[in-house]
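Take a look at the letters that make up each chain.
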Amino acid sequence: MIKIAPSLLAADFSKLGEQIIHLEQAEADMLHLDVMDGHFVPNLSFGAPLIKALRPHTHLPFDVHLMVNQPEKMIEWFAASGADYITVHAEAVEDVSTVIDLIHSFNIKAGIALKPHTEADVLSRVIDKLDLILVMTVEPGFGGQKFMENQLAKISKIRNMINDCNIILSVDGGINAQTALLAKSAGADMLVAGTYVFQSSDWSQAVASLR
Ligand code: DX5
Ligand code: ZN
């Protein structure tokens, strides 16, 4: 079954503790945590101390999406904050293989994210050691943008590259009940959704409608 990972970027930051309990009750599968440094993307969000503060409030796995330059320098912080998956951008690292090994050295699952203009080929050399691939269907940096349908071919291509490897193919950006159908039919097995879930008056229904 397809996994749903609400993105806390669209949450009410004054009520994060209670909102993540509510998301667990709404049967979300993971929580997606968007970390932005104001350099790799033109926006700032939050860092490891906030993630660490949330960790005791839920059993849901934490899917940490690092939109930062030189993520290698920060992996240790996010490992210590209670991340289950740490995803870094292919565009932000010198060598994707080295950073995957670094994440694994902390016993944490490793993901690589691709901006819309980055080709799937950057994954081919490391596909057999990845745990998650995150295809961005918006330019990273902000919630509430429109889903880029021109990314669907890349999602299908990666689905074929994955074959029977045990990798989660996650799609992030502009997901709603309509675009979820497109992403799923292209081969996604996890959907990240911020605005759609948090703007809905019934989060259980919103999560169910994406599935
Ligand atoms: C964008 C983030 C996304 C974003 C998704 O840089 O990586 O996770 O929060 O938000 P929506 O669902 O509103 O597009
Ligand atoms: Zn994200």
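Above this note sits the structure.
Going along each chain's sequence as written, the residues are numbered from 1 onward. Key to labels: chains lettered from A, ligands numbered from 1, both in the order written. Reporting in this predicted model follows two pLDDT cut-offs: at least 70 for local features of residues, and 80 or more for side-chain atom pairs to be given and counted; totals over whole chains, interfaces and linings ignore these cut-offs and use all residues. Excluded from the side-chain calculations are hydrogens and water; all other atoms, namely the structure's heavy atoms, are used.

Novice: Describe the coordination of the zinc ion (ligand 2), naming the residues involved and giving the relevant values.
Specialist: Coordination of the zinc ion (ligand 2) by the protein involves H32 (NE2), D34 (OD), H65 (ND1) and D172 (OD), with metal-donor separations of 2.0 to 2.3 Å. Donor atoms are limited to N, O and S found within 2.8 Å of the metal ion, a distance that becomes 3.2 Å for Na, K and Ca. With water left out, some sites might look partial. All geometry calls rest on donor angles, where a four-donor set with angles between 85 and 135 degrees is tetrahedral, four- and six-donor sets with opposite donors more than 155 degrees apart and all others between 65 and 115 are square planar and octahedral, and all else is irregular. Between the six donor atoms coordinating the zinc ion (ligand 2), the angles at the centre fall across 70 to 169 degrees, so the site counts as octahedral. For the zinc ion (ligand 2), the single-chain donor residues occur in sequence as H-x1-D-x30-H-x106-D. With H32 in strand β2 (residues 31-36) and H65 in strand β3 (residues 62-67), the pair connects residues that are 33 residues apart, well separated along the chain. Relative accessibility under 20% of the residue-type maximum defines a buried residue, over 50% an exposed one, and the middle range a partly exposed one, all with a 1.4 Å probe and only protein chains included. Here H65 falls in the buried class, since its relative accessible area comes to 0%. The helix and strand labels rest on DSSP assignments: H or I over at least four residues marks a helix, E over at least two residues marks a strand, and numbering proceeds from the N terminus.

Novice: How would you summarise the pairing of strand β4 (residues 85-89) if you had to cite specific residues and measurements?
Specialist: Successive side chains on a regular strand alternate, one facing one side of the sheet and the next facing the other. Most of β4 sits out of view: five of its five residues are buried. Burial along β4 is two-sided: Y85, T87 and H89 facing one way and I86 and V88 facing the other are all buried. A pair of strands is labelled paired if DSSP reports no fewer than 2 bridges between them. Direction of pairing for β3 relative to β4: parallel, over a ladder of four bridges. Bridge pairing in β4 links H65 to T87. In this view, the connection linking β3 to its parallel neighbour β4 by way of helix α3 (residues 75-80) has right-handed handedness. Taken together, the five bridges between β4 and strand β5 (residues 109-114) define a ladder with parallel strand orientation. When the strands point away from the viewer and the path from the first strand over the helix to the second turns clockwise, the crossover is right-handed.

Novice: Break down the site of ligand 1 for me, citing the residues and quoting the values.
Specialist: Contacts to ligand 1 come from 20 residues, most closely from D34, G141, G144, D172 and T195. Between ligand 1 and D34, the relevant distance is 2.8 Å, taken from an oxygen atom to a side-chain nitrogen or oxygen of the residue. Here ligand 1, which alone exposes 380 Å², has 99% of that area covered by the protein. The pocket occupied by ligand 1, as judged from atoms lying within 2 Å of grid points, is the largest pocket. Going through the elements one at a time, β2, β3 and β8 (190-193) are the ones with two or more residues in the shell around ligand 1. The greatest single-element share of the shell around ligand 1, amounting to three residues, is contributed by β2. A per-class count over the shell around ligand 1 returns eight nonpolar, 10 polar and two charged. Throughout, the term near means that a residue has one or more heavy atoms lying within 4 Å of the molecule or strand in question. By the criterion applied in these results, polar contacts are pairs of N or O atoms within 3.5 Å in which, for protein atoms, one can donate a hydrogen and the other can accept it, and in which residues neighboring in sequence qualify only through two side-chain atoms. Computed with a 1.4 Å probe, the accessible areas rest on the Shrake-Rupley method; for each residue, only the protein chains presented here act as cover. Whether a set of points on the 1 Å grid over the protein atoms alone is a cavity depends on a 1.4 Å probe fitting there but being unable to get out, while an open set qualifies as a pocket with protein on both sides within 12 Å along at least five of seven lines; lining residues are those with an atom within 4 Å of a point. Criterion for pocket placement: a molecule counts as inside a cavity or pocket if more than half of its atoms are within 2 Å of its grid points. Three classes are used, and their members are as follows: Ala, Val, Leu, Ile, Met, Phe, Trp, Tyr, Cys and Pro are nonpolar, Asp, Glu, Lys and Arg are charged, and the others, Gly among them, are polar.

Novice: If you had to explain the pairing of β5 to someone new, which residues and values would you point to?
Specialist: For β5, a buried count of five out of six residues is recorded, marking the element as mostly surrounded by other parts of the structure. For the segment spanning β4, helix α4 (residues 96-105) and β5, crossover handedness is right-handed. Alignment of β5 against strand β6 (residues 132-136), held across four bridges, turns out to be parallel. Bridge assignment links L114 to a residue of β6, and that residue is V135.

Novice: With reference to specific residues and values, describe the sheet that holds strand β7 (residues 168-172).
Specialist: In sheet architecture, strand pairing relies on hydrogen bonds along the backbone and comes in two forms, parallel and antiparallel. Spatial strand order, β1-β8-β7-β6-β5-β4-β3-β2: eight strands in an open sheet with parallel pairing. Unpaired on one side and paired on the other, β1 (3-6) and β2 mark the two borders of the sheet. Neighbour-to-neighbour, the strand axes of the sheet open up by a mean angle of 25 degrees, direction not taken into account. Pairing of β1 with β8, which is carried by four bridges, proceeds in the parallel orientation. To define axes, lines are fitted to C-alpha atoms, for helices over the stretch in contact only, and angles between the resulting N-to-C directions are given on a 0 to 180 degree scale.

Novice: Residue-level account of the pattern of salt bridges, with values.
Specialist: Every case where a carboxyl oxygen of Asp or Glu lies within 4 Å of a side-chain nitrogen of Lys or Arg is listed as a salt bridge. This model, assessed by the stated rule, comprises seven salt bridges. Note that D12 is salt-bridged to K15, the shortest N-O span being 3.8 Å. We classify K15 as partly exposed; its relative accessible area is 38%. Of the charged contacts, one joins D121 and K157 as a salt bridge, the two residues approaching to 2.9 Å between their closest N and O atoms. Pair noted here: D121 is in the loop between β5 and β6 and K157 is in helix α5 (residues 152-162), with a separation of 36 residues, a long-range link.

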